[in-house]
Amino acid sequence: MATQTGALEAPATRSQKPTSLWRDALGRLVRNRLAVVGAILVVLLIIVGVFGPYLTPYNYAYQDYAILVANNNQPVPPFTAGRFLGTDELGRDLLSRLLDGARISLSVAVVVQFVVLFIGVPVGAVAGWFGGRIDSYLMRFTDVIYAFPDLLLIILMTVTLRDTPFGSALDGLLLVYVAIGLVAWVTMARLVRGQLLSLKETEYVEAARAIGVSDRRIVTRHLLPNAIGPVIVAVTLGIPGAILTEATLSFIGIGVNAPRASWGKLIFDGKSWMGTQPHLVIFPAIAIALTLLSFTWLGDGLRDALDPKLKGKQ
Amino acid sequence: MAAYIVRRLLWMIPVLLVVTMITFALMHAAPGGPFDSSGPGGRRLPEVIVRNLERQYGLNDPVPVQYVRWVGNMLVGDFGPSYSYRNRTVNDILFQGLPASVQLGSMAFLLSVVVGVPLGVIAALRQNKLPDYVATTISVIGVATPSFIISVFLQLIFAVNLGWFPTGGWRGPEYWVLPTIALSGFAIASIARYTRASMLEVTRRDYVRTAQSKGLRERTIVVIHMIRNALIPVITILGPIFAFLVTGSLIIETIFTIPGIGAFYITSIGTRDYGLIMALTVLFAVTIAVMNLIVDIAYAFIDPRIRYS
Amino acid sequence: MTLTDDDRRTAAPEVTELPDEVEVATEEGRRLAEQLSDAHTRHARKLLEVRNLTTHFFTRDGVVHAVDDVSFELDYGETLGLVGESGCGKSVTALSLTRLVPNPPGRIVGGEVIFDGINVLKLSEEEMRLLRGKKIGFIFQDPMTSLNPTLTIGFQIAESAKLHLGLSRKAADDRAAELLNKVGIPRARDRMHDYPHQFSGGMRQRVMVAIALACDPMLLLADEPTTALDVTIQAQILDLIRSLSEEFGTAVILITHDLGIAAGMCNRVNVMYAGRIVETAGVDDIFERPRMPYTWGLMDSLPRLDEERGARLRTIEGLPPDLIDPADACRFAPRCSYAREVCTEHEPELTARDEPRHFARCWGTEPGGWIK
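Cut-offs used in this document
- Residues numbered from 1 in each chain as written.
- Chains lettered and ligands numbered in written order.
- Predicted model: local features only at pLDDT ≥ 70, side-chain atom pairs only at ≥ 80, totals over all residues.
- Heavy atoms only, no water.
- Helix = DSSP H or I, 4+ residues; strand = E, 2+ residues; numbered from the N terminus.
- Buried < 20%, exposed > 50% of the residue type's maximum accessible area, 1.4 Å probe, protein only.
- Contact = heavy atoms within 4.5 Å.
- Lys, Arg positive; Asp, Glu negative; His and termini not counted.
- Charge placed at Lys NZ, Arg CZ, Asp CG, Glu CD.
- Core = buried A, V, L, I, M, F, W, Y, C linked by side-chain atoms within 4.5 Å.
- Polar contact = N/O pair within 3.5 Å; in protein donor to acceptor, adjacent residues only side chain to side chain.
- Patch = residues over 30% accessible without salt bridge, like charges linked within 9 Å, V, L, I, M, F, W, Y side chains within 5 Å.
- Areas by Shrake-Rupley, 256 points an atom, 1.4 Å probe, with all protein chains shown as cover.
- Salt bridge = Lys/Arg side-chain N within 4 Å of Asp/Glu carboxyl O.
- 1 Å grid on protein atoms, 1.4 Å probe; cavity = no way out; pocket = protein on both sides within 12 Å on 5 of 7 lines; lining within 4 Å.
- Points joined across faces, edges and corners; volume = space filled by probe spheres on them.
- Nonpolar A, V, L, I, M, F, W, Y, C, P; charged D, E, K, R; others polar.
- Pairing = 2+ DSSP bridges.
- Right-handed = clockwise from strand over helix to strand, strands pointing away.

**Student:** Would you mind showing me how to read the overall build of chain A here?
**Tutor:** Check the secondary structure of chain A and you find 12 helices and zero strands. Shown N-terminal to C-terminal, the secondary structure of chain A runs as helices and strands in the order α-α-α-α-α-α-α-α-α-α-α-α. If one aligns the C-alpha atoms of chain A with their principal axes, the spans along those axes are about 80 × 50 × 40 Å. Counting across all 314 residues of chain A, residues that qualify as buried make up 49%. For chain A, the proportion of contacts with a sequence separation of at least 24, taken over those separated by at least 6, is 72%. Treating the 27 positive side-chain charges of chain A as one cloud and the 21 negative ones as another, the clouds have centres 7 Å apart.

Here it is as structure tokens:
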């Protein structure tokens, strides 16, 4: 049976060089091929997102009618007339629009996770550390948000607030950030709370207390660094969800405003041309898939690398 | 155990109340009302008529008053009239749309478990060999492809090009196939991944070695000793999976034009149909909460360490 | 635990069929299958003959020689102790005997294991199953994790009986209850339907003993059975193992790092160090006339009642060696206060000492050596 059984470890090998948790983890991460691929793709996404507008000669909103006319008023296929990926039905360069979509997705990833960290970590830490009544109240509060099916609440918020000034800020992106972020911080809060609850009871915290270390120092110096691992993993693995939600919102028309080119919107626009000009759907679909995959692989790799149970084993 | 169930059920009530309050508040906080564009051609109705309608439906009262009135009605099972579908009550619309949604959801749930679990088990048993790569690839596709993209591709390939299935509607078994697959894609992938991870964990356990030392067959060890233990943690994700299926149905029903209640949700927000939105929100939230409770009970029941302690 | 007169021997029924249609694929397997029908006949001179057993672990850092050229014998009904520090290879040796070494990364790369006349290493994996559980029972170290938490203990005990002895469900359950009773679990009938987490550590280990002895095996492998238990429970479990093995004539290989346990339980002792057997002798000889510095170190490090209070515990300086590509030298030399040049140039062989069947691996204690 090709399974690995029992707790039998490979017998003691050469005395291992002392390494820190992070160096160990980094070593394991680097050996994980999928995680490395994911990391590379993430870096690529960041580069593309930051430098996007400078990478192509065309603006994502520029509608070139001349080129359409030359092509029978159809969207232009890839590799024609200098358009690497072709154009959509309004003559807008697809590559440029994809790059704008990358920007949007990247910004969603960053901002949403920022909100999640900014609200979720402190709330979770306070709840976990103080326990008792404070914990109860905070958890009741998060329970309410948790009970709300997240997509429903997000859709509700985006639709109802679209027509307000708040809803139009940043081409509608501000609303999207806030809506997704407000729903997503809850899981982070629970995670951090759980971490603190279990770490609080460990012996080294007891020891620290016995020596007289102040509460605040215990939390910041002992507990949070140990909780950071799972937090990092959660942030990385939470990004695909946020990007996916934004794409879904744009797909059903309540996300980013036109003419911004969220990948979800591109797919919505392109689906009516699926039969004749599939490139309009295929490229955004690949973009979404690769982005989701890269963060998932990286997140999985981080989780495996930071798993304390695997520390030291081959 | 019974006390636990009762406590959970009781706890749902205040939570649901707050959920409805938030929804109500959001609806009324948004500019506009249900009668803004309900004249012929979507034009605004004359002021007079709008005001009359609003008075008729009690929309001029303060929001808290309206809310309390709504709660009172809900408790007796009356969700009020629909603002976007004249002459129909919300209850009517719910009853009409529920069967399709429930059917879609159940089929997707079954498919997710029936395909996801074996996929994960096989991938774990044949780790790093061909079956693992195939199963992992399928999982990867399911995770990385949003359901709306899967829908679009399914429609293109199987409905438009091959003509095997219709592109939309809900008039018979052939209409069920594509939407169910599209809806469950992500769930299958998640369950498969989780099952695989859990099985791999279990293979490293000491009791597997004990089972081997007894000279049991591999199949016995896998089925009786490993799978039972591996599936217990998998049950915990069934709650979120179910919630995902419920919210995912909003999208799928819209894309495949299925006459279920999910499709109503999106349109009714746009038309500010307060009655319908509130009812749908309550329905979705209650369903998910109850399913989570069932999953938690199942978990406590199936794990002997919890059942007998 | 003492056996009362009411306890009857729970003899395993004779079996003529192979369990679950095992596919017999090799010559050796065919011989084994024939032998199984005379359940209690002894088919060879010695129960176990291990010759040059070598098991390596192929890891990223290199090939670990966990068990290197280990040879020993075991009589029917004899109790043998395998003593040594953690990592010396004693557990791997036991796992190798039943071919349960995790593969990857481990593999038995050489040697012979003759069990009751059958060459175990020549059997197919399927045929191996005939031996496991039926002829060879295993008790593992950690009772908290060695039992399946989702199955009743009655089921886990009855499993092997059903498989190897072809018993019906009821008969297997009866046997399980009997065994539970024998290992000292009160109200055995009722507790059969309980789950492992409802038992204490000591009780769980008793259950493991019951599982290991369910089919009345010829050999019991006990891998540090008491290390994870309280001291008071330790004594009970060891008594249990001793009395049951005496009653059924089961041979036992007891793996431990605790010399005191070995002294109380074993007929013979093999001392292992760094993957090799460094001394082997009858239990009295080992304790009265040890002939290898490592053994002296082990004896010395035992705290004694007649020592002066407050004196420091004696330890063996240094750490066990790296087992990757070991050199041709005595593996204990770096830590040995008697070592001389020859110890780092050639590895000593296991050679005889004065007493009968007493062998040691040390240049210094050989006849003509410098240690007297």
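**Student:** Looking at this structure, how should I read the nonpolar core?
**Tutor:** Note on soluble globular proteins: their nonpolar side chains tend to be buried together. Within the largest apolar cluster, 164 residues are counted, with the highest numbers of intra-cluster contacts made by Ile155(A), Phe148(B) and Tyr265(B). Among all residues touching Tyr265(B), those that are not within four sequence positions of it are Leu152(A), Ile155(A), Leu156(A), Leu250(B), Ile277(B), Leu280(B), Thr281(B) and Phe284(B).

**Student:** Would you explain the side chain of Asp303(B) in this entry?
**Tutor:** Residue and element names in this part refer to chain B. Tracing the chain through its elements places aspartate 303 in the loop between α12 (274–302) and α13 (304–307). For aspartate 303, a relative accessible area of 4% puts it in the buried group. Polar contacts involving the side chain of aspartate 303 include one to the main-chain amide nitrogen of arginine 305, which spans 3.0 Å.

**Student:** I would appreciate a short explanation of the environment of Val42(A) in the present structure.
**Tutor:** Residues and elements named next belong to chain A. Its place among the elements puts valine 42 in helix α2 (residues 33–55). On the basis of relative accessibility, which here comes to 10%, the residue valine 42 falls in the buried class. Between the alpha carbons of valine 42 and leucine 292 there is a distance of 9.7 Å; along the sequence they are 250 residues apart. Every residue in contact with valine 42, bar those within four places of it in the chain, is listed here: Ser294, Phe295 and Leu298.

**Student:** Is there a simple way to think about a nonpolar patch on the surface in this case?
**Tutor:** A cluster of nonpolar side chains, namely Val43(A), Ile46(A), Ile47(A), Val50(A), Phe51(A), Tyr54(A) and Leu55(A), defines an oily patch on the protein surface of about 700 Å² accessible area. Mapped onto the fold, Phe51(A) is located in helix α2.

**Student:** Would you mind going over empty space enclosed by the protein with me for this structure?
**Tutor:** The probe, sized like a water molecule, is rolled over the atoms to show the empty space still left. All told, the structure shown has seven cavities of 30 Å³ or more when counted by the stated rule. Estimated volume of the largest cavity: approximately 80 Å³. Of the residues assigned to the lining of the largest cavity, the class counts are 14 nonpolar, one polar and one charged.

**Student:** Help me understand the pairing of strand β8 (residues 251–256) of chain C, please; the structure alone is not making it clear to me.
**Tutor:** Within a regular beta strand, the side chains point alternately toward one face of the sheet and then the other, so they alternate between its two faces. Residue and element names in this part refer to chain C. Where burial is concerned, most of β8 is hidden: six out of the six residues are buried. Covered by surrounding structure in β8 are Ala251, Ile253 and Ile255 together with Val252, Leu254 and Thr256, the residues of both alternating faces. Pairing geometry for strand β3 (residues 79–83) and β8, over five bridges, is parallel. By the bridge assignment, glycine 81 is partnered in β8 with leucine 254. Chirality of the crossover, the property in question, places the unit of strand β7 (residues 219–223), helix α8 (residues 231–248) and β8 among those that are right-handed.

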